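Observations on the model geometry
Read off the chains here:
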Amino acid sequence: MATLHDRTPVPHHAPAGTEPPSRRVPLPLLVAGLCVALPVSLVCGAGIGASGIPWSEALRHLWAGTTGGSITADEVSSYTIVWELRFPRAVLAAVVGAGLASVGVAVQAMVRNALADPFVLGISSGAAVGANAVLIFGAFAALGVWALSTAAFLSALAAMALVYAIARTPRGLTPLRLVLTGTALHYGFSAVTTFMVFAAEHGEAARSAMMWLLGSLGGASWSSVPIAGCAVLGGLLHLGWSARRLNALAMGDETAAALGVDPGRLRRELFLGAAAVTGAVVAVSGAIGFVGLMVPHAARMLVGADHRRLLAVAPLAGAVLLIWVDILSRVVLAPAELPLGVLTAAIGVPCFLLLMRRRTYTFGGA
Amino acid sequence: MRVDIDRVTVEISGTHVVRDISLRAGSGRFVGVVGPNGSGKSTLLRCVYRALRPTAGAIRLDGDDLLAMSPRDSARRVAALPQEVAAEFDFTVAEVVAMGRLPHQGAVARESEADRRACAAALEGVGAAHLAGRGFLTLSGGEKQRVLIARALAQQPRVLVLDEPTNHLDIAQQLELLSLVRAGGPTVLTALHDLNLAALHCDLLHVLDGGRIVASGAPHDVLTPGLLAEVFGVRAHRVVHPGTGAVQLLFDRLPRP
């Protein structure tokens with residue numbers, strides 16, 4: 001049994017300033033690395049796939065596609081695979097990844113909650129209702145190939161309006177009310193979707209509904225890039241413009257007000273932006289989980305909580321991550337495709353836990 | 001900078017939390033607002049730092065209408081140490097202090113030399129320069145308050161609003177804080193729980209009860225046994241501080257129930 005004087009005295013507080021001054025990765029280095037990784041990953045997205053097209057040929061097609069060059073007649077099928085299927089898919093993966101990561105950053109600051117992600121507002125599960133109405137019951141059939149994304153986007157906007165109308169108070173949008181409303185409606189929308197899958201007459205429709213719920217870029221084409229791209233770019237510009245105000249908001253509404261930021265107005269702007277970007281992204285990719293929750297946290301561990309730094313890193317990291325997730329989803333069980341949600345979790349969870357163990361990361365004092 | 005609160009009323013869901021309050025804080029003065037919990041102190045102060053809009057009345061800074069200014073314009077003049085700080089993200093101390101420059105900066109402009117100087121001076125002024133690289137969430141309560149004051153000072157305000165700034169601080173930290181906030185000579189408007197601290201520091205005291213001002217004046221004139229019995233429901237005796245001559249209070253304990 002140890003006696004009192006056996007104990008080694010443990011200093012109660014570490015002396016001030018003894019913590020390593022910089023546990024962070026230098027920002028320019030990280031951003032430069034990601035800026036190189038992004039185009040490299042895009043090219044890999046076009047070069048790697050199940051159909052075994054040689055790299056040299058894939059690169060040639062990519063070159064021909066970007067510069068408007070010509071190909072021979074017998075190359076048409078491989079050109080189509082590289083330029084019409086794989087490459088737009090990689091580009092869309094980058095757009096979706098960047099969008100989800102930046103919406104995650106915005107929503108976490110907006111509701112000041114570590115567990116918040118693009119889906120906590122109930123918008124994506126609202127989109128799922130519309131998407132599955134198309135997949136299972138063939139709604140909006142008149143719109144042809146646009147039916148799915150149109151339905152998803154419109155129902156995302158409807159969900160947004162519903163969440164907003166219920167969550168708003170005379171004092172504006174408060175964090176807890178937003179999270180509770182969003183979560184409650186999320187369960188409501190999910191129940192509707194589950195019921196539709198359950199009621200589906202044939203198995204194939206249920207399967208594609210499931211695929212959509214777990215996320216897939218299988219339907220990607222050049223036509224789906226511009227709208228999602230513009231939405232994500234617009235959202236990013238707005239966030240970049242608001243980075244300092246986001247810092248103030250993260251310190252609490254009172255502090256934000258004292259620093260000259262109207263918290264109610266900023267939260268309203270962020271809500272509308274997040275809803276539009278989430279709607280546009282979910283419409284083309286389904287509900288890809290995990291990216292919007294974990295990429296912001298991982299980026300914070302690397303560069304700290306300042307939103308100016310965070311918004312330089314998180315979208316790029318989300319883009320690169322999702323390109324590689326999509327590549328893996330195509331090759332792991334080729335010719336079958338894995339849902340992206342499975343892979344974002346399979347890659348993201350261990351990476352995230354590793355980062356969290358290695359670094360002193362605090363969120364809300366935890 | 002002179003602060004005039006002119007017949008301010010705040011009504012929150014049908015209840016008058018602040019009723020028809022008028023008070024003046026002269027330029028560079030240290031003005032205390034005291035009163036029991038729920039008397040409307042915080043609500044009144046929140047109107048001054050723009051976290052709340054009064055239902056009626058006006059607030060003027062050197063005669064200019066505060067409520068007509070943009071939030072940014074008023075934040076260049078008025079800084080605050082709010083009671084609740086919901087720090088969820090692990091900002092460093094330097095980043096927290098840098099937020100004080102927000103009302104002076106463009107949305108995307110880089111930090112200017114003036115910004116950096118103001119932040120360094122503010123951190124230096126509160127004796128927290130050595131904390132600059134630390135995570136805000138890892139600090140002790142006293143260190144956090146000091147850093148938040150540095151943020152308010154970095155804002156280079158001409159009016160500083162403090163809402164119970166000495167909560168959770170030990171006595172040395174309480175005294176330190178109330179002297180630190182005088183750096184730069186802003187007009188200070190503070191809510192205080194500790195009546196003896198208020199008597200020691202404030203030039204002028206306003207006593208609130210039920211959302212109204214029930215007494216105003218120098219601490220010596222305001223903190224009378226009669227008022228303390230009426231407003232706080234306590235029995236108190238007055239003594240004179242042997243060093244400063246300020247009035248100080250001794251409270252009777254209540255009889256065993």
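Here goes a summary of the coordinates provided. (Residues numbered from 1 in each chain as written. Chains lettered and ligands numbered in written order. Predicted model: local features only at pLDDT ≥ 70, side-chain atom pairs only at ≥ 80, totals over all residues. Heavy atoms only, no water.)

With that settled, consider the overall build of chain B. Scanning chain B for helices and strands turns up nine helices and 12 strands. The globule rule puts the C-alpha radius of gyration for 257 residues at 18 Å, and the 19 Å found for chain B is close to it. In terms of its C-alpha atoms, chain B occupies a principal-axis envelope of roughly 60 × 40 × 35 Å. For chain B, the residues scored as buried account for 51% of the 257 residues in total. (Helix = DSSP H or I, 4+ residues; strand = E, 2+ residues; numbered from the N terminus. Rg over C-alpha atoms; globule rule 2.2 N^0.38 Å. Buried < 20%, exposed > 50% of the residue type's maximum accessible area, 1.4 Å probe, protein only.)

It is worth spelling out the interface of chain B and chain A at this point. The interface of chain B with chain A comprises 43 residues on the first partner and 35 residues on the second. When chain B packs against chain A, the two sides together hide about 3200 Å² of surface, and 59% of this comes from carbon and sulfur. Summed over the shared surface of chain B and chain A, the result is two salt bridges. Of the charged contacts, one joins arginine 46 of chain B and glutamate 254 of chain A as a salt bridge, the two residues approaching to 2.7 Å between their closest N and O atoms. (Contact = heavy atoms within 4.5 Å. Buried area = accessible area lost by both parts, 1.4 Å probe. Salt bridge = Lys/Arg side-chain N within 4 Å of Asp/Glu carboxyl O.)

If you look at the biggest cluster of nonpolar residues, it comprises 151 residues, and the most contacted ones within it are Val96, Val107, Leu121, Leu178 and Phe271 of chain A together with Leu223 of chain B. Counting 29 residues, the second largest nonpolar core, distinct from the first, contains Ile21, Leu23, Cys47 and Leu61 of chain B. (Core = buried A, V, L, I, M, F, W, Y, C linked by side-chain atoms within 4.5 Å.)

Counted under the stated rule, the structure contains 22 salt bridges over all chains. A salt bridge links aspartate 6 of chain B to arginine 60 of chain B; the nearest nitrogen and oxygen atoms lie 2.7 Å apart. Residue aspartate 6 of chain B is located in strand β1 (residues 3-12), and its partner arginine 60 of chain B is located in strand β4 (residues 56-61); the two are separated by 54 residues in the primary sequence. What you see here is one network of salt bridges that share partners, running through Arg89, Asp326, Arg330 and Glu337 of chain A.

Now for the environment of arginine 182 of chain B. All names here are of chain B. For arginine 182, the location among the structural elements is in the loop between α6 (171-180) and β8 (187-191). With 132 residues separating them in the primary sequence, arginine 182 and arginine 50 have C-alpha atoms 22 Å apart. Not counting chain neighbours up to four residues away, the residues in contact with arginine 182 comprise Gly28, Phe30, His201 and Asp203.

So, about the packing of helix α3 (residues 76-111) of chain A against helix α11 (residues 263-285) of chain A. Helix-helix packing is described using two parameters, namely the angle between the two axes and the distance between the axes. All names here are of chain A. Contact geometry for α3 and α11: axes closest at 9 Å, N-to-C directions at 150°. The orientation of α3 with respect to α11, classified from their angle, is roughly antiparallel. As for how α3 packs across α11, the hand of that crossing is left-handed. Contacts between α3 and α11 involve Leu92, Val96, Gly99, Leu100, Val103, Ala106, Val107 and Met110 from the first element and Arg267, Leu270, Phe271, Ala274, Val277, Thr278, Val281, Val284 and Ser285 from the second. For the contact of α3 with α11, the per-class residue count stands at 13 nonpolar, three polar and one charged. (Axes fitted to C-alpha atoms, helices over the stretch in contact; angles between N-to-C directions. Parallel < 35°, antiparallel > 145°, perpendicular 65-115°, else oblique. Left-handed = near helix turned anticlockwise from the far one by under 90°. Nonpolar A, V, L, I, M, F, W, Y, C, P; charged D, E, K, R; others polar.)

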